[in-house]
Structure formats: structure tokens, C-alpha cells
Amino acid sequence: MGFNFERNLPHQDKAVQAIIDVFQDVPIRSRHDMMANHEFELTDSVVLANIQAIQKRNEIKDSSPVLNEFFNLDVKMETGTGKTYTYTKTIYEINRQYGINK
């Protein structure tokens, strides 16, 4: 019995793009140490506007997101929809587009 793994499905790509778009137009400070990551200069106004645009685009009721020092992004998907692939692709895209390594 084999396992058929599907990737690049529309719902997976949509989730990856939503996370990437949170950081659109957010300034990034270059790293000084090759072992460190670049740093996002997170400003509430830009990040919140990005999140609200993503919510509108995906027809998600505005949940009035609040940013704080523990800012986290979650990818929530049903069982069997390719969460592990989506998480991995998100990590790859964050590295490719923003130079973040970990």
C-alpha cells in the first residue's frame, strides 16, 4: 500500500502566500553576523494592514488582530491536507524571499 503525496495544491499555496504576505513592505535590517538572521522591523501599522488585506482577500471575518512582543503566525489546516509540506514550503519561501534561515 503506497502513499500518494500531493504538493503545490491551491490551498497549500494559498496558505504559504498568506504568511509571506504578512511581511510585504516590512523593512528588513541586514545581519551583521553570518550566523544571525536578517531582522524584520515590524511596525504595527504595516503588519496589521497586511493581515487585514490577507483576511479580506481570503474572505476571513476581521478578527481584529493584536500585535505584541509574542507575535506568532499559525498555519491551521485540516488533517490530510498537507500541513507538513505547507510548513516546509513556507520555511523555504521565507528563506528565499527574506533571507531568514531559522
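Not measured: the values here are computed from a predicted model.

Novice: Which residues make up the overall build of the chain, and what are the values?
Specialist: When its secondary structure is counted, the chain shows three helices and two strands. Taken from the N to the C terminus, the helices and strands of the chain come in the order α-β-β-α-α. Reported as C-alpha extents along the three principal axes, the dimensions of the chain are approximately 50 × 40 × 20 Å. Taken across its 102 residues, the chain has 30% of its residues classed as buried. The contacts in the chain between residues at least 6 apart in sequence include a share of 61% that link residues at least 24 apart. In the form shown here, the chain has an accessible surface area of approximately 7800 Å², with 53% of it arising from carbon and sulfur atoms.

Novice: With reference to specific residues and values, describe the nonpolar core.
Specialist: Core analysis: the largest hydrophobic core is formed by 17 residues, its most contacted members being Ile20, Val22, Val47, Ile51, Val75, Ile94 and Tyr98. Residue assignment for this core shows that the elements contributing at least two residues are helix H1 (10-22), helix H2 (44-57) and helix H3 (83-98). The dominant element in this core, judged by the number of residues it contributes, is H1, at six residues. If near-sequence neighbours (up to four positions away) are discounted, tyrosine 98 is found in contact with Ile20, Phe23, Gln24, Ile28, His38, Phe40 and Glu93.

Novice: Give a detailed account of the packing of H1 against H2, specifying residues and quantitative values.
Specialist: When two helices pack together, their arrangement is given by the angle between the helix axes and the distance between those axes. Contact geometry of H1 with H2 gives a least axis separation of 8 Å together with a crossing angle of 155°. Judged by the angle between their axes, H1 and H2 are roughly antiparallel. For the element pair H1 and H2, the recorded crossing hand is right-handed. Two secondary-structure elements touch here, H1 through Gln17, Ala18, Asp21 and Val22 and H2 through Val47, Asn50, Ile51, Ile54 and Arg57.

Novice: Pulling in residues and values, what's your account of the side chain of asparagine 50?
Specialist: Among the secondary structure elements, asparagine 50 is positioned in helix H2. Among the polar contacts made by the side chain of asparagine 50, one reaches the main-chain carbonyl oxygen of valine 22 at a distance of 2.8 Å.

Novice: Describe in detail H3, supporting the description with residues and values.
Specialist: Counting along an α-helix, one turn takes 3.6 residues, and residues three or four places apart therefore face a common direction. End to end, H3 covers 22 Å across 16 residues, agreeing with the expected 22 Å (1.5 Å per residue, within 8%). Taken together, the buried positions of H3 are Tyr85, Thr86, Lys89, Thr90, Glu93, Ile94 and Tyr98. The arc enclosing the buried residues of H3, seen along the axis, measures out at 165°, which places them on a common side. Facing away from the buried side of H3, by more than 90 degrees, are the exposed residues Thr84, Ile91 and Arg96. Buried residues along H3 sit in contact with H1, strand S1 (28-29) and strand S2 (39-40). Looking one or two places after H3, you find glycine 99, whose phi comes out positive at around 75°.

Analysis parameters
- Residues numbered from 1 in each chain as written.
- Predicted model: local features only at pLDDT ≥ 70, side-chain atom pairs only at ≥ 80, totals over all residues.
- Heavy atoms only, no water.
- Helix = DSSP H or I, 4+ residues; strand = E, 2+ residues; numbered from the N terminus.
- Buried < 20%, exposed > 50% of the residue type's maximum accessible area, 1.4 Å probe, protein only.
- Contact = heavy atoms within 4.5 Å.
- Areas by Shrake-Rupley, 256 points an atom, 1.4 Å probe, with all protein chains shown as cover.
- Core = buried A, V, L, I, M, F, W, Y, C linked by side-chain atoms within 4.5 Å.
- Axes fitted to C-alpha atoms, helices over the stretch in contact; angles between N-to-C directions.
- Parallel < 35°, antiparallel > 145°, perpendicular 65-115°, else oblique.
- Left-handed = near helix turned anticlockwise from the far one by under 90°.
- Polar contact = N/O pair within 3.5 Å; in protein donor to acceptor, adjacent residues only side chain to side chain.
- Expected span 1.5 Å × (residues − 1).
- Arc of directions from axis to C-beta.

Note that every value here comes from positions in space, so none of it alone points to a role or purpose.
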